[in-house]
Structures are given as C-alpha cells and as structure tokens.
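Descriptive analysis of the structure
In case you want the letters, here they are:
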Amino acid sequence: MANINGKGAKGKATRLHSLFVRQRANYICEHCGRKSHPRDPKTGKIVKTEETGQIQCAHIISRHMVATRTDEMNAFALCSKCHWHFGKWPIEFAEFVYSKIGKDEYDRLSEKAKAGKGVKVDWDAEVARLEIMVANQQQQK
C-alpha cells in the first residue's frame, strides 16, 4: 500500500503535523466529541467501542497545497465518521470551519495556499519546526 503521507522529509513533516493536530485536541473529535479508541494495556491492541473512533487529521485546504500542508491552523482532529461526513457535505464543513477559526483565518490560509503555488518547501526545516512544536505541546500536557 502507498504511503499517503509522502516520502522522506515531506512524509515525516506530514506525520508530525497530524500528530500535533490530534494531540492539540487531546485525541477528541473537534466536531462530535468522540474520543480516540483506547488501547488494551496488556496487549496494546486498539479496543473499539461505540463511544470511540479513529481520530484523524482533517485538512481544511487540501494537502496538495504545499504552502499550507503542515500549517497548524489548516486542520482539525476529527473522528473517521465526522471526517467522512464532511467530505460528503462540503458546505457543512465550511460552516464548521468558519465557526471554529473564522473567516479571517480561513482567508489567511487560502491566500497562503495560493501564494505558495510553485514554491519549493524546505521539508527538513519544516520537520525541525514541527518536532519542536510537538515536543512543546507534550511538555504542556
């Protein structure tokens, strides 16, 4: 199966961004409040229940736009059900986005994405930036 995050430093930056977004929300869906599947302490295996779900990093502006791919404001932590739902109902997702970050922040992300077309990203530097952010976030908890 292909690596959906990308290879090399770009893939590592994408994985760190996803971790940051999910940690920031304490592995709780920012839409419905569903918590991440817990792990069995003895086996380490995921224990699925009706009240839990897989918490995913859901981008506002597509990951294909490299300038905003790992912008910490460009994603929410959503359970797989809400992520799927918003993928099918984009106007509801837009309303959710505006309610969470506001139009001004959305406009900033949109302009950043458009201005970044054709710009080469230093993915190694982005990995270093995100590693610091993840570490700082872990220390604060």
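Residues numbered from 1 in each chain as written. Predicted model: local features only at pLDDT ≥ 70, side-chain atom pairs only at ≥ 80, totals over all residues. Heavy atoms only, no water.

A count of helical and extended segments in the protein gives four helices and four strands. Walking the protein from its N terminus toward its C terminus, one meets helices and strands in the order α-β-β-β-β-α-α-α. Its C-alpha radius of gyration of 16 Å places the protein within 12% of the 14 Å reference for a compact globule of 141 residues. With the principal axes as the frame, the protein shows a C-alpha extent of 45 × 35 × 35 Å. Taking all 141 residues of the protein together, the buried fraction comes to 37%. (Helix = DSSP H or I, 4+ residues; strand = E, 2+ residues; numbered from the N terminus. Rg over C-alpha atoms; globule rule 2.2 N^0.38 Å. Buried < 20%, exposed > 50% of the residue type's maximum accessible area, 1.4 Å probe, protein only.)

What the rule picks out here adds up to five aromatic pairs. Considering the side-chain rings of Phe 86 and Phe 93, the 5.1 Å spacing of their centres and the 45° angle between planes classify their relative orientation as tilted. The same class applies to Phe 86 and to Phe 93, which are both buried. Taken together, the ring pairs in this structure connect Phe 76, Phe 86, Phe 93 and Phe 96 into an aromatic cluster. (Phe/Tyr/Trp six-rings, centres within 6.5 Å; stacked < 30°, edge-to-face > 60°.)

Among the secondary structure elements, Gly 116 is positioned in the loop between helix H3 (90–115) and helix H4 (123–140). Relative accessible area serves as the criterion here: at 8%, Gly 116 is assigned to the buried category. When the C-alpha atoms of Gly 116 and Thr 68 are compared, they prove to be 8.1 Å apart, with 48 residues separating the residues in sequence.

A few words now on helix H1 (residues 8–24). In a regular helix each residue adds 1.5 Å, so 17 residues correspond to 24 Å; H1 covers 24 Å between its end C-alpha atoms and thus fits that length. Considered for burial, the residues of H1 that qualify are Gly 11, Ala 13, Thr 14, Leu 16, His 17, Ser 18, Phe 20, Val 21, Arg 22 and Gln 23. On its buried face, H1 sits against strand S3 (55–59), strand S4 (75–79) and H4. Downstream of H1 by one or two residues, Asn 26 has phi in the positive range, about 55°. (Expected span 1.5 Å × (residues − 1). Contact = heavy atoms within 4.5 Å.)

In this structure, Ile 60, Phe 76, Leu 78 and Phe 93 are the most contacted members of the largest nonpolar core, which totals 29 residues. Of all elements in the fold, only H1, S3, S4, helix H2 (80–88), H3 and H4 reach the threshold of two or more residues within this core. A total of six residues in this core trace back to one element, the largest contributor, which is H3. Residues in contact with Leu 78, not counting those within four places in the same chain, are Cys 29, Glu 30, His 31, Gln 54, Ile 55, Gln 56, Ala 58, His 83, Phe 86, Phe 93 and Phe 96. (Core = buried A, V, L, I, M, F, W, Y, C linked by side-chain atoms within 4.5 Å.)

This model, assessed by the stated rule, comprises seven salt bridges. A salt bridge links Glu 72 to Arg 129, with the shortest nitrogen-to-oxygen separation between them at 3.1 Å. Of this pair, Glu 72 sits in the loop between S3 and S4 while Arg 129 sits in helix H4, and the two are 57 residues apart along the sequence. Looking at Arg 129, the relative accessible area reads 29%, which means it is partly exposed. Taken together, the salt bridges that share partners define one network made up of Asp 71, Glu 105, Arg 108 and Lys 112. (Salt bridge = Lys/Arg side-chain N within 4 Å of Asp/Glu carboxyl O.)

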